[in-house]
Amino acid sequence: MQQNLEQDDANRLIEAASAEIDRADSPEALDGVRVKYLGRRGELTMLMRGLGALAPEVRRAQGEALNAAKDRLAAALEAKGAELGRAALEARLLVERADPTLPVAFAQTGRIHPISQTIDEIVAIFGEMGFVVAEGPHIEDDFYNFTALNIPPEHPARQEHDTFYLPQRPDGSRLVLRTHTSPVQIRTMQSQPPPIRIIVPGRTFRCDHDATHSPMFHQVEGLVIDRTTHMGHLKGCLIEFCRAFFGVEDLPVRFRPSYFPFTEPSAEVDIGCSRAGGELKIGAGGDWLEILGSGMVHPAVLENCGIDPAEYQGFAFGMGIERVAMLKYGIPDLRTFYESDLRWLDHYGFAALDIPSLVRGAL
Amino acid sequence: MKTTLAWLKTHLDTEAPLSAILDRLIMLGHDVEGVEDRMGALAPFVVAEVVSAEPHPNADRLKVCLADTGKRRVQVVCGAPNARTGMKGVFAPAGTVIPRTGAVLKEANIRGVASRGMLCSAYELGLGDDHDGIIDVSPDAPLGVRYASLLGLDDPVIDIKVTPNRADCLGVRGIARDLAAAGLGRLLPLDTTPVPGRFRSPVAIHIEDRHACPLFLGRHLRGLENGPSPAWLARRLEAIGLRPISTLVDITNFMTFDLNRPLHVFDAGRLQGDLTVRLARPGERLLALDGQEYALDAQVTVICDARGVQSLGGVIGGEATGCSAQTREVFIEAALFDPVRTAATGRRLGISSDARYRFERGLDPAFVADGLEIATRLMLELCGGEASEIVPAGAVPEWRRSYVLRAGRCASLGGLAVAQSESAAILEALGASVAPRENGNLSVEPPSWRGDIVGEADLVEEVLRVKGYDEIPAVPLPRESTLPRPALARPRRRAELVRRTLAARGFVEAVTYSFIARREAELFGGGGPQLRLVNPISADLDQMRPSILPNLIAAARRNADRGLADTALFELGPAYRDDTPEGQLLVAAGLRAGMSEPRHWRDRPRPADLYLLKADALAALAAMGAPADNVQISAEPPAWYHPGRAGVLRLGPAVLGHFGELHPAVLEALDVRPPAAAFEVFLNAVPEPRAGAAKPPLKLSVFQPVERDFAFIVNRDLPAETLLRTARGVDRRLVAQIRLFDVYEGAGLSEGMKSLAIAVTLQPQEHTLTDAEIEGFSKRLVAQVEKATGGRLRG
């Protein structure tokens, strides 16, 4: 009887507590229920404290009942707590709102100038063929810019170079702004023995300014010197280059006899194009575009550099970087290259990480 | 160099069509700049006979004509007063575009009479201003033939770009000779039969300077009639853009362009005494045929008579002894003048003449006498009269020389194997004398007109040129190694890293001129006479730039003018300190103007200031692998920076670069509104990092790092670097990182003071730090900083 009575107390307590837990509508209210029943002086706690005074046999039964009640109560409190937590999170999420359509600020993006990009492309291609980049000064003396290249003072070609001059020096000589990148050929041949394979991108200067001429422009020069390189290699090398650079596998490439004082035989190189409908397209099309000057290095040039022309030979070539960039990228006006117009640079420029590479196919 | 197809065919017997000739010219190295089809719009107009011209039934001034083209008869209503039965005129059928107006001729009903074409006036054809009547064609013109053909306009003009070495191709015959050698026809023989002299020339020739003029052949002609040239001659000259003047003058022009043999013709009636070739004397002057008077000096080769200078040898004749319609006797000058002197004279006096162009490139020394005979014959044929004996002075310079063409050399140099017999045939067709030598070699003597051939390589080129470069098989360039070596040496590679790094930081790359205005150069520490161009293209591009910045600033201004005020531009390029190779510096320069970014609802843009640019400069240095920890920053910037808001980056004694806000006076001089800040990094000054790919060993501690904050109140002028350096030095093994996270001035601090707050990260290596150890470190740090900076810990 006694035992049943205690059981009833526990059940009643749980019923009352459950009702209160159900009614709790906030974590605070729920905590109030917990304290009321399970706190240090809570009702259930007090009942459990009273166990010690009971007879051992009664105490066991009574203890089990109260412990079960405590467990049920704790579980109900936890469940209700989780439920309240979910509700609170849902309520919070209802008010935490951001407009995902608001425009974000992108980091300011820079651009690489088409001249730099084109040089990188040219280096990437010739680099695969074993050429290394060489450089030289823009302010040159007569020997490197002209005489060593088989252009003696009275040569008519000198007049055609539209040379910029610096003031006469006490010894009567005059420095010039290099009119082509060819002086670097000379400097290289003087400073290293064959075999030589270099390309020389860089600034060049001519005293000429109109729609198709800029007083400063860029050239890339190429030079191969060894014992066996002949004009067939010149053709093979430059055909490969043109096709890789313009990305046209069957690009027709034509070699025409021409004249440069520093090469013999000399050849002008044309690539195929079409001008149908007034639109220039690089590729097979029945028309031709001149893009390169080339030839076998003149024996006199080798001699001027202290290389024995009976033993060594090779070829050289040169092309305008702006010109091939204009053709490849459809840039219509030479003068715009140097105007630093941000709209132009943004349109014709390249992304910083867009580094030309044959291996990656990024050309 | 221009010629017409028909003119070319006076030297070249060929059936080849125009397109084949053009292709061959190109593949011989004579680039074709253009072909002018002069017939063009005149092609539909044909000769027709007016078989009847009756009055119009409904109009007094009109006639109803029946035009017969030989193929059909067409009724035309015509208003021309000269339309008459039996005449021959120029007919256009309906549908033809009228050249003058561009309108399409339509069939029409004119006052009740059908008109199905037009009889044309010269005006309508665009050939003249005469529209009073229709063209009256010669009665013997065949019916149906193109009117353009009657005018010689069906002969296309070919414009050939002759390379500077091919002086021999500055005459039509030279072109024909090359084509014939390439198998495109047969070179027709040239009639050089001497014209017998009938009398002794009253004028003698004396050459004082045989270097300036090695050879002068003269001839006196008398009893001439100098009228207009015959149509064939006038048309040829007109076709290549020359204006016919008079027969004698036209013949000299013809000789220049046909046979590349410039001549001068003096009006012998206006000469006094003999002719002397000498160098001019200071003070001498000449009124030349171009109407200009030239002051001469001792560099100029002149031809004088008893009265003085009458002509500049190889350049231009004098007005006083020039030919006119009244000329009855002439003295022809056929000479050789020194190319170098001729070029120099023309250049110095600013005279570009067809003669100078040819003399300075070198003329055929063996063709002077033949040229004189041909010119004499032409003059006598066209002007009547008789010729004297030739007056010779000087001698034909020695031009014979020979070179060996080794067997196999075409293959080893040109990449094309050509049998020596074929090479010999090609060279002979070009006019060379070829003799076999030992080992299959050839001894080749170039012809007199090929002064450009000076060695074996030239002979190879001649053979390949005639064979065609297309014949040379393309061969891949053999690799020297299986894998290519790096194409970029380390300095270049580092420069490229800087370029891409700056672009990645938002800078747009510019490429600008190496020369700027002197006044701008002076603002940036340059402007010296050593780096000033003698012949700039304009006065504001006359100085080699001492810095890239003026160009970037100007670019920012131009962009601001277009509404783009916020700019970040950089250039990686040269600046010139002096005229030596070492004086050319490779510089990365960047400019930020306006705000760092556009206004935005979330991120606040910052004005371009020294700190933004300092970060850019340090990023550039980091990209190069510069030892960032050792870079010192001092505050004595060059003059173009704001003296109080800029810095210098140093590594020991070397200046690696500058950064900072630009000097307001510089901005004002360059017309740019602040804010604008810049940096310059001197790539050559940055030391190479240690070679090798291996990185130093990485030591990772397993113990918890500790971060402590400290704020110090210091004098406002104290460089933060002083505090940071001291803090770093307290315990180099323990301090992993120090960040300065706050700079404060104002309320709560006394005047002239500032607060600098740092976060110090301690990274123990052996054990977790105890509170006592941390406390001990903090005390040492505070004491050392207070001592070094004169500041105190902020409470």
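Please read these numbers as outputs of a predicted model, since none were measured by experiment.

Trainee: Got a minute to help me understand the overall build of chain B in this structure?
Mentor: If you tally the helices and strands in chain B, you get 19 helices and 40 strands. Here chain B has a C-alpha radius of gyration of 42 Å; the compact-globule value for 795 residues is 28 Å, and the former is much larger. In terms of principal-axis extent, the alpha carbons of chain B reach across some 130 × 85 × 60 Å. When the 795 residues of chain B are sorted by exposure, 41% land in the buried category. In chain B, of all internal contacts separated by at least 6 residues, the share reaching a separation of at least 24 is 69%.

Trainee: Help me understand the overall build of chain A, please; the structure alone is not making it clear to me.
Mentor: The helix and strand inventory of chain A stands at 12 helices and 11 strands. Its C-alpha radius of gyration of 44 Å places chain A more than 25% over the 21 Å reference for a compact globule of 363 residues. Over its C-alpha atoms, taken along the principal directions, chain A stretches across nearly 135 × 50 × 45 Å. With 363 residues in all, chain A has 43% of them scored as buried. In chain A, the proportion of contacts linking residues at least 24 apart, taken out of those at least 6 apart, comes to 66%.

Trainee: Any chance you could explain the pairing of strand E16 (residues 275-279) of chain B here in plain terms?
Mentor: Every other side chain in a regular strand lies on the same face of the sheet, so the side chains alternate between the two faces. All names here are of chain B. Bridge count for strand E13 (residues 205-207) against E16 is 3 bridges, and the pairing is parallel. Within the sheet, the bridge partner assigned to Ile205 lies in E16 and is Leu275. Of the pairings in the sheet, the one linking E16 to strand E19 (residues 301-305) comprises 4 bridges and is antiparallel in character. Bridged to Val277 within E19 is Ile303.

Trainee: Mind showing me how you'd approach the sheet that holds E13(B) here?
Mentor: Strand pairing in a sheet relies on backbone hydrogen bonds, with the paired strands running either antiparallel or parallel. Residues and elements named next belong to chain B. One open sheet accounts for 5 strands, arranged E13-E16-E19-E20-E21; its pairing is mixed. What marks the edges here is a single partner per strand, and that holds for E13 and strand E21 (316-317). Across 2 bridges, the pairing between strand E20 (residues 308-312) and E21 is antiparallel. Following the sheet pairing, Leu312 is matched in E21 by Ile316.

Trainee: Explain unusual backbone geometry here, please?
Mentor: Omega for the bond connecting Pro194(A) with Pro195(A) falls within 30 degrees of zero, at 0°, which places this linkage in the cis form. Here Pro195(A) is to be found in the loop between helix H8 (183-191) and strand E5 (196-205). Between Pro674(B) and the following residue, Pro675(B), the backbone shows a cis peptide bond with an omega angle of 0°. Relative to the helices and strands, Pro675(B) is located in the loop between helix H17 (664-669) and strand E36 (676-682). Residue Asn439(B) is not a glycine yet carries a positive backbone phi of 60°. Note on placement: Asn439(B) falls in the loop between strand E26 (433-436) and strand E27 (442-445). Using a count of 9 C-beta atoms within 10 Å as the deciding quantity, one classes Asn439(B) as exposed.

Trainee: Can you walk me through the interface of chain A and chain B in this structure?
Mentor: By convention, interface size is frequently given as the accessible area that disappears when the constituent parts associate. The partner chain B presents 79 residues to the 69 residues of chain A that form the contact. No other element matches helix H9 (residues 231-246) of chain A, which puts 7 residues into the side of chain A that touches chain B. When its residues are assigned to classes, the side of chain A that touches chain B shows 42 nonpolar, 19 polar and 8 charged.

Trainee: Please clarify how the confidence of the model for chain A should be interpreted in this entry.
Mentor: Any residue range with low pLDDT should be treated as having predicted coordinates unsuitable for detailed reading. Averaged over every residue, the pLDDT of chain A is 92; residues scoring 70 or more account for 97%. Looking across chain A, the model is least confident in helix H7 (residues 156-160) of chain A, with a mean pLDDT of 70, and most confident in strand E11 (residues 313-320) of chain A, with 98.

Trainee: I tried to follow the sheet that holds E27(B) on my own but got confused; where do I start?
Mentor: All names here are of chain B. Spatially, 3 strands are ordered E25-E27-E26 in an open sheet, and the strand pairing comes out antiparallel. Two strands close off the open sheet at either side, each with one partner strand: strand E25 (403-405) and E26. Neighbour-to-neighbour, the strand axes of the sheet open up by a mean angle of 30°, direction not taken into account. Of the strand pairs in this sheet, E25 and E27 are connected by 3 bridges, and their pairing is antiparallel. For Tyr403, the partnering residue across the bridge sits in E27 and is Val444. Those strands touched by helix H11 (residues 420-429) are E25, E26 and E27, and its axis lies near 5° from that of E27.

Trainee: Just checking my understanding: could you explain the nonpolar core for this structure?
Mentor: Across soluble globular proteins, nonpolar side chains have a tendency to be buried as a group. Of all hydrophobic cores here, the largest spans 161 residues; its most connected members are Phe126(A), Ile199(A), Leu238(A), Val330(B), Ile332(B), Ala375(B) and Val463(B). By residue number, the principal contributor to this core is H9(A), which donates 9 residues. For Leu238(A), the residues in contact, after removing those within four places along its chain, are Val253(A), Val269(A), Leu292(A), Ser294(A) and Phe317(A). By size, the runner-up hydrophobic cluster in this structure holds 76 residues, among which are Leu502(B), Leu523(B), Ala568(B) and Ala588(B).

Trainee: Is there a simple way to think about the environment of Gly63(A) in this case?
Mentor: Relative to the helices and strands, Gly63(A) is located in helix H4 (residues 56-95). Residues Gly63(A) and Gly52(A) lie 11 residues apart in sequence; the distance between their C-alpha atoms is 9.5 Å.

Trainee: Can you walk me through the confidence of the model for chain B in this structure?
Mentor: When pLDDT is averaged along chain B, the result is 94, and 100% of the positions lie at 70 or above. Quick note on the complex model: pTM equals 0.87, ipTM equals 0.88.

Trainee: Looking at this model, I keep getting lost on the environment of Arg604(B). Mind explaining?
Mentor: Residues and elements named next belong to chain B. For Arg604, the position within the fold is in the loop between strand E32 (584-593) and helix H16 (610-623). C-beta crowding within 10 Å serves as the criterion here: with 10 such atoms nearby, Arg604 is assigned to the exposed category. For the pair Arg604 and Trp7, spaced 597 residues apart in sequence, the C-alpha to C-alpha distance is 77 Å.

Trainee: Help me understand the packing of helix H2 (residues 27-38) of chain A against H4(A), please; the structure alone is not making it clear to me.
Mentor: Residues and elements named next belong to chain A. Across the interface, H2 lies against H4 with an axial gap of 10 Å and an inter-helix angle of 170°. Here H2 is positioned roughly antiparallel relative to H4, judged by the angle of their axes. In this structure, H2 contributes Pro27, Leu30, Val33, Arg34, Tyr37 and Leu38 to the contact, and H4 contributes Lys70, Leu73, Leu77, Lys80, Gly81 and Leu84. Along the lines of polarity and charge, the residues of the contact of H2 with H4 split into 8 nonpolar, 1 polar and 3 charged.

Trainee: Help me understand the packing of helix H5 (residues 231-239) of chain B against helix H6 (residues 247-259) of chain B in this model?
Mentor: Geometry of a packed helix pair, given as the angle between the helix axes and the separation of the axes. All names here are of chain B. For the pair H5 and H6, interaxial distance at closest approach is 10 Å and the crossing angle is 55°. Put simply, H5 runs oblique to H6. Of the two elements, H5 crosses H6, and the hand of that crossing is left-handed. Mapping the contact onto sequence places Leu233, Ala234, Arg236 and Leu237 in H5 and Asp250, Asn253 and Phe254 in H6. Tallied by class, residues from the contact of H5 with H6 come to 4 nonpolar, 1 polar and 2 charged.

Trainee: What should I look at first to understand the environment of Gly526(B) in this one?
Mentor: Residue and element names in this part refer to chain B. Tracing the backbone shows Gly526 in the loop between helix H14 (518-523) and strand E30 (543-544). For Gly526 and Glu509, which are 17 residues apart along the polypeptide, the C-alpha to C-alpha distance reads 24 Å. Contact partners of Gly526, with chain neighbours within four places excluded, come to Ala521, Leu531, Gln543, Arg545 and Pro546.

Trainee: In this structure, what is going on with helix H5 (residues 114-128) of chain A? I would like to understand it.
Mentor: For the α-helix, the turn length of 3.6 residues means that residues three or four positions removed from each other point alike. All names here are of chain A. With 15 residues, H5 should cover 21 Å at 1.5 Å per step; its first-to-last C-alpha distance of 21 Å lies within 8% of that length. The buried count for H5 comes to 13 of 15 residues, which makes it a mostly enclosed element. Following H5 by one or two positions, Gly130 adopts a phi angle in the positive range, close to 90°.

Trainee: Teacher, can you tell me more about helix H9 (residues 368-383) of chain B here?
Mentor: All names here are of chain B. In a regular helix each residue adds 1.5 Å, so 16 residues correspond to 22 Å; H9 covers 22 Å between its end C-alpha atoms and thus fits that length. Within H9, burial applies to Val368, Gly371, Leu372, Glu373, Ile374, Ala375, Thr376, Leu378, Met379 and Cys383. The secondary structure elements touched by the buried residues of H9 are strand E14 (215-222), H6, strand E22 (330-336) and strand E23 (386-387). Looking one or two residues past H9, Gly384 carries a phi angle of roughly 75°, positive in sign.

So, how was this worked out
- Residues numbered from 1 in each chain as written.
- Chains lettered and ligands numbered in written order.
- Predicted model: local features only at pLDDT ≥ 70, side-chain atom pairs only at ≥ 80, totals over all residues.
- Helix = DSSP H or I, 4+ residues; strand = E, 2+ residues; numbered from the N terminus.
- Rg over C-alpha atoms; globule rule 2.2 N^0.38 Å.
- Buried ≥ 20, exposed ≤ 12 C-beta atoms within 10 Å, placed from the backbone.
- Contact = placed C-beta atoms within 7 Å.
- Pairing = 2+ DSSP bridges.
- Nonpolar A, V, L, I, M, F, W, Y, C, P; charged D, E, K, R; others polar.
- pLDDT = per-residue confidence, 0-100.
- Axes fitted to C-alpha atoms, helices over the stretch in contact; angles between N-to-C directions.
- Core = buried A, V, L, I, M, F, W, Y, C linked by C-beta atoms within 7 Å.
- Parallel < 35°, antiparallel > 145°, perpendicular 65-115°, else oblique.
- Left-handed = near helix turned anticlockwise from the far one by under 90°.
- Expected span 1.5 Å × (residues − 1).

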